[in-house]
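# Overview (structure and organization)
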Amino acid sequence: MHDPRGHYLETFCEVDLSAFGRNIERISEWVSGRDIILAVKANAYGHGVVPICREAALHGVNRFGVATLVEGIELRDAGIEGEIIILTPPTLEQVPSLVYHNLSPNVVNRQLAEAVSAEAVKANKTIKIHIEVDTGMGRTGIIWFDAIGEIYAISQLPGIALEGVFSHFPVADSTGKSDMEFTKMQLERFSKLIKTLERGGMRIPTIHISNSAGLLAHPILGNCIRPGILAYGLYPSEEVRKSVEVEPVLSLRTRVVQLRDFDVGSSIGYGRTYIARNPIRVAIIRAGYGDGLRRALSNRGEVLIRGKRRPIIGRVSMDATMVETSSDVQLDDEVIILGKQGAEKITADDHAKWTHTINYEILTGISERVRRVYVKNGEVIEVK
Ligand SMILES: *Cc1c(COP(=O)(O)O)cnc(C)c1O
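Residues numbered from 1 in each chain as written. Predicted model: local features only at pLDDT ≥ 70, side-chain atom pairs only at ≥ 80, totals over all residues. Heavy atoms only, no water.

## Looking at the packing of aromatic side chains
- In the structure shown here, the tally under the stated rule is four aromatic pairs.
- Here Tyr-45 and Tyr-232 contribute two aromatic rings whose centre-to-centre distance is 4.8 Å and whose plane-to-plane angle is 25°, an arrangement assigned as stacked. With Tyr-45 in helix 2 (residues 41-45) and Tyr-232 in the loop between strand 10 (224-225) and strand 11 (250-262), the pair connects residues that are 187 residues apart, well separated along the chain. Each member of the pair, Tyr-45 together with Tyr-232, is buried.
- Judged by centre distance (5.4 Å) and plane angle (75°), the rings of Trp-144 and Phe-145 are edge-to-face.
- You can call Trp-144 partly exposed: its relative accessible area is 30%.
- Through a chain of ring-to-ring contacts, three or more aromatic side chains come together here, namely Phe-20, Tyr-45, Tyr-232 and Tyr-360.
- Lys-242 extends its terminal NZ or CZ atom over the ring of Tyr-235, reaching a point 5.4 Å from the ring centre. (Phe/Tyr/Trp six-rings, centres within 6.5 Å; stacked < 30°, edge-to-face > 60°. Helix = DSSP H or I, 4+ residues; strand = E, 2+ residues; numbered from the N terminus. Buried < 20%, exposed > 50% of the residue type's maximum accessible area, 1.4 Å probe, protein only. Lys NZ or Arg CZ within 6 Å of the ring centre and 35° of its normal.)

This is the structure we're talking about:
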């Protein structure tokens, strides 16, 4: 694989846009064509936000959820025209920029609402906003029992169009009885709230609560969903109902840059945490925690070379990692850190298990120095 200037890339992340497109289609089918706000925060969960948004648009998805003002501006600069929602409330300081770039903030208090309103009036614009109601998440939002009056007051401000009211689930990915009941209770609170607003004559174009876990395992409330991880081909938890079949979009690859034979008693890498008990052959691979191969994988976890699983030995360093290997492996051989090779595969879920985290953190942890290679129908269409 080469970068756009023709330089050979030993390490890269392949993003299969065809797989991503299939995931979007399957999700859309499952929710009977409801509108989708695709979560593309954190560089589209590490996949590269602009190519992901462009591909999503080809499948009818034109609304995107980012976390920050700068993420929103990056999309506008790239010519993405759909609605861009800043899911985490912006600071008051950011209001002029978000109005300038026609971004839709999550408005969670009167002060922010008034700032957006004043700025929109000044710019002679109408800014679409979404209001988050906290039905049990315990993070951002207006607490559900105070929300009616607040939503009404905010919706009356000039320069603002109340586009959406939404909520979020903390435990929709869990199958435990009390967690299932908690999610059900949130749905009831949210449903009651929406009914009350509508009975009062308020027209809210977009109602959304379902993240990936919500749409997989619970009834869908409203006319829109807000998936993230599922679109990238992974499930929000191991236990969640897998109602929609998806495939991972991303693979992470590197190469063997040195092969060595170590004698009994030799130590491998920083900290001398691995001592050879037998003579061993070691492949040094060109990836480390500076690429997103987490240091917690030291003496844990595996990579694939020549279709076989090879254990990581010693400490993962910033730029290189050692794996125990056999005599069939050769210099420059391809190494799969995440992805398939032959009959074997290693997923972000495997990495999450090995390092006691969640697949989300594995994906978003792939660092910026790793080039993203976009493939569609088996052909490379872009390298970024
Ligand atoms: C990230 C995010 C989502 C998407 O969550 P997934 O679990 O990836 O589906 C939905 N809503 C909000 C508010 C988010 O921040």
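From this point, the discussion proceeds with the structure in view.
## Examining the nonpolar core
- Ranked by size, the top nonpolar core spans 104 residues in total, and within it Leu-38, Val-40, Leu-75 and Ile-151 carry the most contacts.
- Both domains that furnish three or more residues to this core are identified here as domain 1 (31-231) and domain 2 (250-383).
- Contacts of Leu-75, omitting those with residues within four sequence positions, involve Val-40, Val-49, Val-50, Cys-53, Phe-64, Val-66, Ile-80 and Ile-84.
- Counting residues in hydrophobic clusters, the runner-up holds nine residues, among them Phe-262, Ile-280, Ile-284 and Ile-313. (Core = buried A, V, L, I, M, F, W, Y, C linked by side-chain atoms within 4.5 Å. Domains from an automatic or database assignment. Contact = heavy atoms within 4.5 Å.)

## Digging into the pairing of strand 14 (residues 280-285)
- Most of strand 14 sits inside the fold, with five of its six residues counted as buried.
- Of the strand pairs in this sheet, strand 14 and strand 17 (residues 321-325) are connected by five bridges, and their pairing is antiparallel. The partner of Ala-283 across the bridge, within strand 17, is Val-323. (Pairing = 2+ DSSP bridges.)

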